[in-house]
Structure formats: C-alpha cells, structure tokens
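If you want the building blocks of each chain, they are given just below.
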Amino acid sequence: MSYFAAAVVRVEGGWSAAEVNLRGATDVDEVADRLRDVAPDAEVSLLFVEADDAYLVLLRLDEGEDLRVFGSDSAYAEESRLGALLVGDLKTSVTDLDDVDEPPSTAVGGGDEESGQQPVVDPEADPVGEADILADLGISAQRLLKLCAHEGMLPADVTAEVCQVLGCADEVEELREV
C-alpha cells in the first residue's frame, strides 16, 4: 500500500510543510513524535496521510501535545499495517453528525436544502475519530465529512481543499512535485 504523508505546521511566520516518512513506525505515538520533530515549537502541527487514493487520516498536535486523529474510513485499519497503526484504535464512528450546524456558504454542494439530498458521509465509508479536528481552523466536522464523502474526491483533493482554507496549499503542492 502506498502513501503520502505531509506535515503542515504553523509557527509565528505562518505555515510550512514537510514530507514525513512513516516507514518503521511502531505505533501512533511514534508517528506523533515524527510529526512533533518537524517543528517542535509549532503552535499547530497537522499530518495528512493519504493512502492508495482511498483513505485519508489527519493527525493534530497543539503545541506538541494532545494528539487528535480523524480517519476517513475505519476500513483502512483492515487494509494495511499503517492503517491499523493510525486508526486501528479509533472506536468513535462519526457517521451521524446530521445535527452539526454549518453555514450554507461553506457546505460542499451548496446550501442546506441541497445538502439534505446527499448523505453526510459515503454510505460505504465509516469515518472514525474526531471529525471536528479542524473546526477552530475553519473546517467544521460537517464540512470535513462532506469533503471525504463527495463523489470523485480523492484524499489528495480533500487535503488540497483543506490546505486552501488553511492558507498552506502551495506548500503541500510543492511537496507533491518533488
């Protein structure tokens, strides 16, 4: 199974990005250590892990502490060792966030009346973890779930959309070009 792992860190001067090698990691805490090592003094550290154009995992550290994780589909834990390491321990399914409020202007697919026609998440997927992982950065739980479930959206597309909102899309795109 192939993957792309990009750390995006916010320090005083703005956002920067670096690719992270996850080979040989033995548990999610070691992955968090590798994220922490990118910028030990970062206010916010995010790790986007995209696997086989099918799965997206987000990890977040605030000031190097309090690891939070979101996975687009719990099936990733069954598909690979890395998936098991990142999302295997997550038990919180986030498929029923219908009541989460989101302004119509930020919803994928338009306003509330349109979004009512599509399920919040892909019926085939079982997102797990903390869907509100980016809420304070401008991406609500509802929006993240809709991005992950949007037909035709690959994990790289979701990462690009999130990074566009955060203001670090160019930094992550540069990593892809290397």
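Structure's up top.
So, here is what we can say about the structure in this document. (Residues numbered from 1 in each chain as written. Predicted model: local features only at pLDDT ≥ 70, side-chain atom pairs only at ≥ 80, totals over all residues. Heavy atoms only, no water.)

**A few points about the overall build of the protein chain**
Secondary structure summary: the protein chain contains seven helices and six strands in total. When the helices and strands of the protein chain are listed from N to C terminus, the series reads β-β-α-β-β-β-α-α-α-β-α-α-α. The burial tally for the protein chain puts 45% of its 178 residues in the buried class. The long-range fraction of contacts in the protein chain, counting pairs at least 24 apart against all pairs at least 6 apart in sequence, stands at 61%. Counting every atom, the protein chain has about 9,000 Å² of accessible surface; 43% of that belongs to carbon and sulfur. (Helix = DSSP H or I, 4+ residues; strand = E, 2+ residues; numbered from the N terminus. Buried < 20%, exposed > 50% of the residue type's maximum accessible area, 1.4 Å probe, protein only. Contact = heavy atoms within 4.5 Å. Areas by Shrake-Rupley, 256 points an atom, 1.4 Å probe, with all protein chains shown as cover.)

**So, the nonpolar core**
With 28 residues, the main nonpolar core has V8, L46, F70, L134, L144 and V162 as its most contacted residues. Of all the secondary-structure elements, those providing two or more residues to this core are strand 1 (3–11), strand 3 (44–51), strand 4 (55–62), helix 5 (141–149), helix 6 (155–166) and helix 7 (169–177). In contact with L144, other than residues within four places in its own chain, are L58, F70, A131, I133, I139, V158 and V162. Residues A25, Y55, L59 and L86 belong to the second largest nonpolar core, which totals 24 residues. (Core = buried A, V, L, I, M, F, W, Y, C linked by side-chain atoms within 4.5 Å.)

**Let's talk about helix 7**
In an α-helix, one turn spans 3.6 residues, which is why side chains three or four residues apart end up on the same side. Within the span of helix 7, buried status applies to A169, V172 and L175. Buried residues of helix 7, seen end-on, are gathered within an arc of 125° and therefore sit on one face of the element. Turned more than 90 degrees away from the buried face of helix 7 sit D170, E174 and E177, all of them exposed. Among the structural elements, strand 1, strand 2 (14–19) and helix 6 are those in contact with the buried residues of helix 7. (Arc of directions from axis to C-beta.)

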